[in-house]
Amino acid sequence: MRSLCLLALAVVALSVPIVAFSGANDGYVACTTSKTCVPFDVNTYLQDTPIDLLPDGDYPYDCTMKPDGSEVWIAGATGDAVVVIDTATNLITHSLAVGEYLNSIVFSDDSSFAMASSRNDDVIYIIDTETYTVIDTLPCVSGTGGTYDSPGQLALDPVSKRIYAVDWYGDFLYEIAEDGSHVVNNVDIGSSLWQLVVDPDGQYIYVTDRGTNQVRVIDQTTLTEVTTIDVGDDPWGIDVTLDGSRIVVACEDDSNVYVIDTSDWSTTQVFLEQYADPRDVDILDSQGYAFIAGGTLLSAVTKVYIIQLSDNTLKDSFVVSGGTNANCLAVQPQITSEATGVPETPFESRVRLDCYPNPFNPKTTIVYNLPSPSDVRLSVYDVTGRLVTVLEDGEHGAGDHEIIWLGTDASGDNIATGVYFFRLTTADGSTTTKAVLLK
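Residues numbered from 1 in each chain as written. Predicted model: local features only at pLDDT ≥ 70, side-chain atom pairs only at ≥ 80, totals over all residues. Heavy atoms only, no water.

Visitor: Any details on the overall build of the chain? Residues and values, ideally.
Guide: Scanning the chain from terminus to terminus reveals zero helices and 36 strands. Residues counted as buried form 59% of the 439 residues belonging to the chain. At a minimum sequence separation of 6, the contacts of the chain that also span at least 24 residues come to 49%. (Helix = DSSP H or I, 4+ residues; strand = E, 2+ residues; numbered from the N terminus. Buried < 20%, exposed > 50% of the residue type's maximum accessible area, 1.4 Å probe, protein only. Contact = heavy atoms within 4.5 Å.)

Okay, structure coming up:
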């Protein structure tokens, strides 16, 4: 029996206030109980006004960012519609009545159409992304066409440009033509399939099987199983890094995340906290972080967790304000053939930022690493986004650097107890970390 106490965390969960901010760094977390989608800044976790998804987006089941980053499309399972959000304004621009119990959305490689799977209609709806209209349907069914013989989650192979689907809690994997016109092949690969992602180099398809508590590795060419990887209880969400080196799996019922090294299929277990309810996973490759939609953590508390993939540790978590029961999220545009391969600067070599001790009083040491010489700006912000002080502003050489902060503002005055963000901006990229001042 689970204890009523929460596990101690090395990071401090933050209830982030709702503050208007630029949409440039937006992530989106959609919540089934509150029927809302909450935009948040992926660096500071500051949140914008929750977006009401009712009635069409009722019970959001998937949240997919268009490959150009301009829109987020949400599948409303009980709203039976697709809701489109403009990422520049965080406003709903289209609500498309599509089909019954929608559960997944994927874009074609050229973004000319989107596909939305319908559990109850046994079809995948094809939507023109210019006119926002349904232009075709694709039957996608096995067996008798019951609830467990219907199309569930969808994924694009950015190499072959084909699209893959799995049964809703079923057995079959479907391979769909690039133009969405027909099912090319289907194979029985599991027992209770749920979510899938295709390796950016097109070699493997990774599928979570909630019946066997495994990730199934499927050869894309032959659609045969290469291996299975044991993970935790009830594996739900899955994503793969752009360089294909790591797979991240969220296991809902054991409150953990598993990071799989694809070079040898070894796993690292990342503990969240007791009663964490991890579901959807989306990796932000530019920063080397995996964001996890945390469901509901006791009562009505909803969290997003952030895993740092350079060392497979829990970097942070924050409480979602204005949303309950986080079911799905999007922090990175869907990957297409234009973005395949290793990023120009892999996340292992990007700028890194940390501080210790944390929480601190009266001072903390901020440490950062530069992969190359660069102009550096290290700023401190409070939770409202107000600039507190600038600690570094000038050119620095490559390597490790550190600076001590005494908890003072630009005037040298002591600041109050609270949460503060360190923002490091360099020519090699930017990153943010959080510290708590306790007096």
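Visitor: Run through unusual backbone geometry, naming residues and quoting values.
Guide: The omega angle of the peptide bond from Tyr 356 to Pro 357 is -10°, so this bond is cis rather than trans. Mapping Pro 357 onto the fold places it in the loop between β30 (352-356) and β31 (364-370). Cis rather than trans, the peptide bond between Asn 361 and Pro 362 has omega equal to 10°. When you line up the elements, Pro 362 lands in the loop between β30 and β31. Even without being a glycine, Tyr 169 presents a positive backbone phi close to 55°. Counting through the fold element by element, Tyr 169 comes out in the loop between β14 (163-167) and β15 (172-176). Even without being a glycine, Trp 265 presents a positive backbone phi close to 65°. If you trace the backbone, Trp 265 turns up in the loop between β23 (256-261) and β24 (266-271).

Visitor: Describe the sheet that holds β31, listing the residues and the values that go with them.
Guide: Strands sit in the order β30-β31-β34 across an open sheet of three strands; the sheet is antiparallel. Unpaired on one side and paired on the other, β30 and β34 (399-405) mark the two borders of the sheet. Strand-to-strand twist across the sheet, computed as the mean angle between neighbouring axes with direction ignored, equals 20°. (Pairing = 2+ DSSP bridges. Axes fitted to C-alpha atoms, helices over the stretch in contact; angles between N-to-C directions.)

Visitor: Can you break down the sheet that holds strand β17 (residues 193-198) residue by residue, with the values?
Guide: Spatial ordering of the open sheet is given by β17-β18-β19-β20, a layout of four strands whose pairing is antiparallel. Each end of this open sheet is capped by a strand with a single partner; those strands are β17 and β20 (225-230). Recorded for the sheet is a direction-independent mean angle of 20° between the axes of neighbouring strands. Sheet topology note: the strand β19 (residues 214-219)/β20 ladder contains five bridges and is antiparallel. Paired with Val 217 across the two strands is Thr 227, which belongs to β20.

Visitor: Please set out the side chain of Arg 279 residue by residue, giving values where relevant.
Guide: Its location among the elements puts Arg 279 in the loop between β24 and β25 (281-284). Here Asn 327 takes part through its side chain, which lies 3.1 Å from a polar atom of the side chain of Arg 279. Those residues within four positions of Arg 279 in sequence are excluded, and the remaining contacts are Thr 32, Trp 236, Gly 237, Ala 250, Glu 252, Ile 292, Ala 293, Gly 295, Asn 325, Ala 326 and Asn 327. (Polar contact = N/O pair within 3.5 Å; in protein donor to acceptor, adjacent residues only side chain to side chain.)

Visitor: So what's going on with the pattern of salt bridges? Which residues, and what values?
Guide: Pairing between side chains of opposite charge can happen when the charged atoms of each approach one another. Taken as a whole, this structure holds 13 salt bridges when the rule is applied. In this structure, the salt-bridge partner of Asp 277 is Arg 279, at a minimum N-O distance of 2.7 Å. The exposure classification of Asp 277 matches that of Arg 279, with both residues buried. Several salt bridges share partner residues, and in doing so they unite Arg 210, Asp 234, Glu 252, Asp 277 and Arg 279 into one network. (Salt bridge = Lys/Arg side-chain N within 4 Å of Asp/Glu carboxyl O.)

Visitor: Lay out the confidence of the model for the chain in plain terms, naming residues and giving numbers.
Guide: Per-residue confidence for the chain gives a mean pLDDT of 87, with 89% of residues at or over 70. Every residue in residues 18-24 is under pLDDT 50, and counting partners more than four places away or in other chains gives 18 contacts. Long-range and interchain partners of residues 341-349, a stretch whose pLDDT sits below 50, account for 17 contacts in this model, where long-range means more than four residues apart. (pLDDT = per-residue confidence, 0-100.)

Visitor: If you had to explain the environment of Thr 431 to someone new, which residues and values would you point to?
Guide: Mapping Thr 431 onto the fold places it in strand β36 (residues 429-437). Sequence separation of Thr 431 and Arg 352 is 79 residues, and the distance between their C-alpha atoms is 7.1 Å.

Visitor: Now, about the packing of aromatic side chains: what can you tell me, with residues and values included?
Guide: Throughout the structure, instances matching the rule amount to 22 aromatic pairs. One aromatic cluster is present, formed by Tyr 59, Tyr 61, Tyr 101, Trp 168, Tyr 169, Trp 194 and Trp 236 through successive ring pairs. Above the plane of the ring of Trp 168 lies Arg 119, whose end atom (NZ or CZ) is 4.9 Å from the centre. Between Arg 210 and the ring centre of Trp 194, over which it is positioned, the NZ or CZ distance is 4.6 Å. (Phe/Tyr/Trp six-rings, centres within 6.5 Å; stacked < 30°, edge-to-face > 60°. Lys NZ or Arg CZ within 6 Å of the ring centre and 35° of its normal.)

Visitor: Got a sec to walk through the pairing of strand β16 (residues 183-188)? Specific residues and values, please.
Guide: In terms of strand pairing, β15 meets β16 through five bridges, oriented antiparallel. Looking at the pairing, Leu 173 lines up with Val 187 of β16.

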